[in-house]
Amino acid sequence: MAWSDGGRGVTDAWTQRGSADAPAPPAAADAAEPCPKIGDHALIGDCGSAALISRWGSVDWMCLPRFDSPSLFAAILDPERGGRFRIAPTHESHVWRRYVEGSAVLETVFRTESGVLRLRDCMVAAPDRCEAGALWPEHQLLREVRCIEGRVEVEVVCEPRFDYGRRRIRPEVREALGVFYAHRGHLVIVRSEIPVEVEDGSVRGRCWLEAEDRRFVLLAYDQGEPAVIPPLGQYAADNLEATLAYWRDWSARCDYQGPHREQVERSAITLKLMTFAASGAVVAAPTTSLPERIGGVRNWDYRFCWLRDACFTLRALFELGYTEEGTAFFSWLLHTTHHSHARLRVLYDVFGGTTRGEREIDFLAGHRGSRPVRVGNAADDQLQLDLYGELVAAAFEYVRRGGTLGRFAARLLIRIGDRVCGLWQRPDRGIWEVRSGDRRHTHSVAMCWVALDRLLAMDRDGDLVLSARRRTRFERTAHRIRDAIEASGYSRRLKSYVGVFDGDSVDASLLLLALYGYVEPDAPRFRSTWERIRAELGHGALLMRYAHDVHGRDDGLPPGEGAFGVCSFWAAEYLARAGRLAEAETIFEALCRHANDVGLYGEELDLQDGTPLGNFPQAFTHVGLVGAALAIAEARGKRPESGLAGHAARQQSGHMPDAEAADDLHTEKPAAGTEEENAS
Amino acid sequence: MIDPRTSLVAGVLATGVLTLVMTASQGLGWSRISLPYMLGTIFSPRRGRAMAIGSLTHAVLGLLLALFYFLVFEVWGRAGWERGAALGLLHGAFVLVVGMEILPAWHPRMASRHHGPTPTRQLEPPGFLALNYGWATPVVTLVAHLLYGAILGAFARTVV
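Attention in this report is confined to the structure presented alongside it. (Residues numbered from 1 in each chain as written. Chains lettered and ligands numbered in written order. Predicted model: local features only at pLDDT ≥ 70, side-chain atom pairs only at ≥ 80, totals over all residues.)

### A few points about the overall build of chain A
Per the secondary structure count, chain A includes 18 helices and 28 strands. Classification of the 680 residues of chain A by burial places 57% in the buried group. (Helix = DSSP H or I, 4+ residues; strand = E, 2+ residues; numbered from the N terminus. Buried ≥ 20, exposed ≤ 12 C-beta atoms within 10 Å, placed from the backbone.)

Have a look at this one:
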C-alpha cells in the first residue's frame, strides 16, 4: 500500500503510486460531473444502511434507517431533485481515492493548484465504544476533511430530501446543536465545524483550510425518540479511529491466504457492508434502479435478500473464516423460509418479511435518464424452482462445515424435498427472472436435482432422517429429473446443454451444473457446453448471461445489457475446477481489471469499456469473485477443496440415462455401486 | 380516606392509557417524546437498559402521582372525570412548560442548546413545550395527561 494513514506527504505517495502497480494520477483535472457514472462511486456503511459516495466527494445515495427505506440522498437517480451531501474543494482538482487498508473507510484526495485536501468518509461502526456506555445515534455518517499541503478552499453542501426526493423539509437551526430536519418521526441532524448556514432548505458553507487544519462534518439519524447528538472535535476523531479499528479487526479475521488476496478481502468487506447486522441477512445491492443499460428500462430494486444467492454467499463467508456471519445468515434463511412453510418466495426484506410489490417513482429522472425508477420488485411472486436447490444446498454447506440442523430445520428441509418432487415438472421464470412467461429452464430443473441430491446426502450422513418411503421417492425423482435433463436439456445437435428444454441456445447459468456437481466439470458433455457458452456469450473475458438476439430469445424486455459480472466469475471458477488453471487465472485477472478504482463491481459490465452497470455494488458479483479465487487457490494446491461439487450423493441419486450420456458426464467410469443400483 | 386498592387499580389503568397514547404517537410519527427513555437515560446511556429502567420509573411515578391525585380529590372533597381531566390538563401543562424547560439543567446526559453536545451530554433537549420532538408533542402530551386525570377522577368519584 502506497499510503500511510497520516503524516506522509501526498506528493511522495503519488510518486510511489505512479511507479508501482497502481494507476497514475489523472493527467487532467477532474471536473465534478452533474451525474457521475455508476462506477464513480464507492460504498461505505454500518451494516444497517449504506451510502454511495462519488469520486467528487458527494454522497449521492443513502437510505435510512435501513437499506430498503426511502432515500435521503438520491442524486445518483436525479441530480436536481434527489439531494446530495457534498464536501469538496471549490477549485478544480485531480482526484485520487482508496479505502484505508482493511477497512470500509473511504479516503479521497483532491489536489488543487493551491494545495492538497484529504477527505475521509465512514458510517460510524464502533461497537466497543457503544458498549462502553456512550449514547449512540442509530446511524452516523462522519466526514473528516483535512488539508495536507498548501491551502485549499473547501465547500460543504448538504441537501437532505426525504422519501426519494418527494419531501423538501424546511430545517430548523438549533444554535450549537446543529441543523435539524424532522419528518414524520425521523430526524436528521447536520453538524459541521465548517461554518454553515441554511439556504433554500440546504446546509451550505465554505472556508479556507491551511496545512494540517482538520474539520469534521457529520450527519446523524434517529427516529421515534429524542435524538442523540454526537459531538465533533476529538470525540469525532475517536469515533473515526474506532471505526477504522473495528474494520481492521474484522478484516484481519479473513483467513484466505491464496492469490488475489486484496480483491478477496475487498469483496469480503463489501459483503459485510451489505449485511444487515440485526438479522444476518445480506442484501443483493444497496441501490435501486441503476440501469443495466444507460437510458434503458432494465432498472430494478435490489435492496432485498434473494434466496438465490444463499448457497454461494454462505460458502464465501465460511471459507473466508467468517463463521459468525455465516451462521447468522443461515439462521436468517431458516427463520425466513420457516414462515412461508416451504413455499419459497424469491426475495425477502432484511427481517425476512415479504416485500410490498413494485411501483414506479415517476418524479425522479433516473440515472442519466434511465427510467423508470422502481421501488420494490415484482419478481417477488414468480415461481423460480432453483431457489429450492439453493436453500437445500446452503443447508448442506452449513452442515458440511460442522453446523447442526435442529429438528425444525430438518423438518423444513424435508418438506422442501417433498415440494420439489411435486413441482419440478412445472415451467418457471428461471434464474434470470424473465418477464416473458414461464418455461422449463434447464438450470432450474437441475437445481431441483441438487435439492434432492443434497437431502439424500444429508440423510446418509445422519444430518437428517428420511423415512424409507420418502428416501425412495427422492431417489426416484432425482433419477427422473436427470433423465429429463439429459433428454430435453441437452442438445445432441449442438453437443451442449441448452438454456431451456428443447431449446437451441445456451445460457451462462448452465455453468452452475458443473459448479453444483450435477456434472463433472471436465466431462465431455460439459466441455463442449463450455465451448458453446464461450462462443455464444463470451466477449473477451466477459460473459453475457444469455444472448438476446440468438434464436429469438426473448426475456420480455427490450434488448440491450452488459456482460454479467457473476457469470464471468463463474467461468473462471469453472475453468479452475476443470483443471484449466492458466485459463482461469487469465480470465480472473482480466476481470479484476474491470473493478472500479476502489475494487467494486456492479451487476453488469459494459461490453464496450467494461465499466459497471446495474445496481452497485452487487453482492453476487463479489461472491462470484470469492468463489473463483477459492477455486484458483484450490487448483494451485494452496487450499483444501471447498467446491460445491464432487460429493458422493451424486452417485446415489443420479443414475445415467443411457450409455452415451454416462460416458459424456464422467471422466471416469461410474462407481460400481451406481451400476448395481441402476440395474436394480 | 384514600382507598389504596382503588387508587392502585386506577393508577395502573391511567398510567397504562397515558403510555399507550404517547407510544402510539411515536409509532405514528407524530412525536418523538418518550418519557421512559428520557427518564431511563438519567440512569444509563445504553438504549435498551435505559428503556427498561425508564419504563419502570415511569410506571412507579404514575402510581405515586395517582396517589397524589386522590389526595387532591380528597382535599377538594369532590371528584369525577371532569375534575380529573382538568387536573390532568394542568399536570400536562406543567410538564410541558416547567418540566421540559428545567430538564436539560439536571438531566446528566442532555445536551444544551447553547453549548452543544459534549461526550457525556448528547441527548436532544426538548425545548419549549417539547416542540423539538415534533409539533404535535404538546397536543399529545396534554391529551395523554387529560386521559390520565380523567380516569383517576372517574375512579375517585366512588370513594370521595
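Now that the structure has been shown, the text picks up again.
### Digging into the overall build of chain B
A tally of helices and strands in chain B yields five helices and zero strands. The linear arrangement of helices and strands in chain B, starting from the amino end, is α-α-α-α-α. In terms of overall dimensions, chain B is globule-like: its C-alpha atoms have a radius of gyration of 16 Å, near the 15 Å expected for 160 residues. Referenced to the eigenvectors of the C-alpha coordinate spread, the extents of chain B come out at roughly 50 × 30 × 30 Å. Evaluated residue by residue, chain B yields a buried proportion of 44% over its 160 residues. Taking the intrachain contacts of chain B between residues at least 6 apart in sequence as the baseline, contacts between residues at least 24 apart amount to 66%. (Rg over C-alpha atoms; globule rule 2.2 N^0.38 Å. Contact = placed C-beta atoms within 7 Å.)

### What about the interface of chain B and chain A?
The partner chain A presents 20 residues to the 22 residues of chain B that form the contact. Of the residues contributing to the side of chain B that touches chain A, the split by class is eight nonpolar, nine polar and five charged. (Nonpolar A, V, L, I, M, F, W, Y, C, P; charged D, E, K, R; others polar.)

### What to know about unusual backbone geometry
Only a minority of non-glycine residues have a phi that is not negative, and only a minority of peptide bonds are not trans. Residue and element names in this part refer to chain A. Residue Leu 64 is joined to Pro 65 through a cis peptide bond whose omega torsion reads 10°. With respect to the element layout, Pro 65 can be found in the loop between β3 (58-63) and β4 (71-73). Looking along the chain, the bond that leaves Arg 371 and enters Pro 372 is cis, with omega of 5°. Backbone geometry at Asp 200 places phi at a positive 50°, although glycine is not the residue there. Relative to the assigned elements, Asp 200 resides in the loop between β13 (197-199) and β14 (202-210).

### Focus: the pairing of strand β7 (residues 106-111) of chain A
Each regular strand displays side chains that alternate between the two surfaces of the sheet. Residue and element names in this part refer to chain A. In terms of burial, β7 is a largely internal element, six of the six residues being buried. In β7, alternate side chains face the same way, and those of Leu 106, Thr 108 and Phe 110 on one face and Glu 107, Val 109 and Arg 111 on the other are all buried. Of the pairings in the sheet, the one linking strand β6 (residues 94-99) to β7 comprises six bridges and is antiparallel in character. When the bridges of β7 are listed, Arg 98 appears paired with Glu 107. (Pairing = 2+ DSSP bridges.)

### Side note on helix α10 (residues 468-488) of chain A
Relative to the 30 Å expected for 21 residues at 1.5 Å per residue, α10 of chain A spans 30 Å between its end C-alpha atoms, a close match to the ideal helical length. All of the buried residues in α10 of chain A are Phe 474, Thr 477, Ala 478, His 479, Ile 481, Arg 482, Ala 484, Ile 485 and Glu 486 of chain A. (Expected span 1.5 Å × (residues − 1).)

### Overview of the environment of Arg 493 of chain A
With respect to the helices, strands and loops of the structure, Arg 493 of chain A is situated in the loop between β22 (490-491) and β23 (496-497). When the C-alpha positions of Arg 493 of chain A and Asp 504 of chain A are compared, they lie 8.9 Å apart, and in sequence the two are eleven residues distant.

### Structural notes on the packing of helix α13 (residues 565-577) of chain A against helix α15 (residues 619-635) of chain A
Residues and elements named next belong to chain A. Their axes nearest at 8 Å, the elements α13 and α15 cross at an angle of 15°. The angle between α13 and α15 falls in the class roughly parallel. With respect to the hand of their crossing, α13 and α15 are arranged in left-handed fashion. For the pair α13 and α15, the contacting residues are Gly 565, Val 566, Phe 569, Trp 570, Ala 572, Glu 573, Ala 576 and Arg 577 in the first and Phe 620, Thr 621, Gly 624, Leu 625, Gly 627, Ala 628, Ala 631, Ile 632 and Ala 635 in the second. (Axes fitted to C-alpha atoms, helices over the stretch in contact; angles between N-to-C directions. Parallel < 35°, antiparallel > 145°, perpendicular 65-115°, else oblique. Left-handed = near helix turned anticlockwise from the far one by under 90°.)

### Thoughts on the environment of Ala 535 of chain A
Looking at the secondary structure, you find Ala 535 of chain A in helix α12 (residues 524-537). In this structure the C-alpha to C-alpha distance between Ala 535 of chain A and Val 506 of chain A, which are 29 residues apart in sequence, comes to 9.8 Å.

### Observations concerning the nonpolar core
Counting residues in each nonpolar core, the largest one holds 227 residues, and the members touching the most others are Val 283, Tyr 388, Leu 391, Cys 448 and Ala 508 of chain A. Among the nonpolar cores identified, the runner-up in size contains 33 residues, and Leu 35, Phe 70, Ala 130 and Leu 146 of chain B belong to it. (Core = buried A, V, L, I, M, F, W, Y, C linked by C-beta atoms within 7 Å.)

### Here's the deal with the sheet that holds strand β28 (residues 612-613) of chain A
Whenever strands of a sheet pair, they do so through backbone hydrogen bonds, lying parallel or antiparallel. All names here are of chain A. Spatially, β26-β27-β28 is the arrangement adopted by the three strands of the open sheet, whose pairing is antiparallel. For this open sheet the edge positions go to β26 (563-564) and β28, each flanked by a neighbour on one side alone. Of the strand pairs in this sheet, strand β27 (residues 604-605) and β28 are connected by two bridges, and their pairing is antiparallel. Along β28, the bridge assignment pairs Glu 604 with Leu 613.

### So, the packing of helix α7 (residues 386-400) of chain A against helix α9 (residues 442-461) of chain A
Residue and element names in this part refer to chain A. One can describe the packing of α7 onto α9 by two numbers: an axis separation of 7 Å at closest approach and a directional angle of 30°. Like other packed secondary-structure pairs, α7 and α9 cross with a definite hand, here left-handed. Each of Asp 386, Tyr 388, Gly 389, Glu 390, Val 392, Ala 393, Phe 396 and Val 399 in α7 lies in contact with α9, whose residues at this interface are His 443, Ser 444, Met 447, Cys 448, Val 450, Ala 451, Arg 454, Leu 455, Ala 457 and Met 458. When grouped by side-chain class, the residues that make up the contact of α7 with α9 number twelve nonpolar, three polar and three charged.

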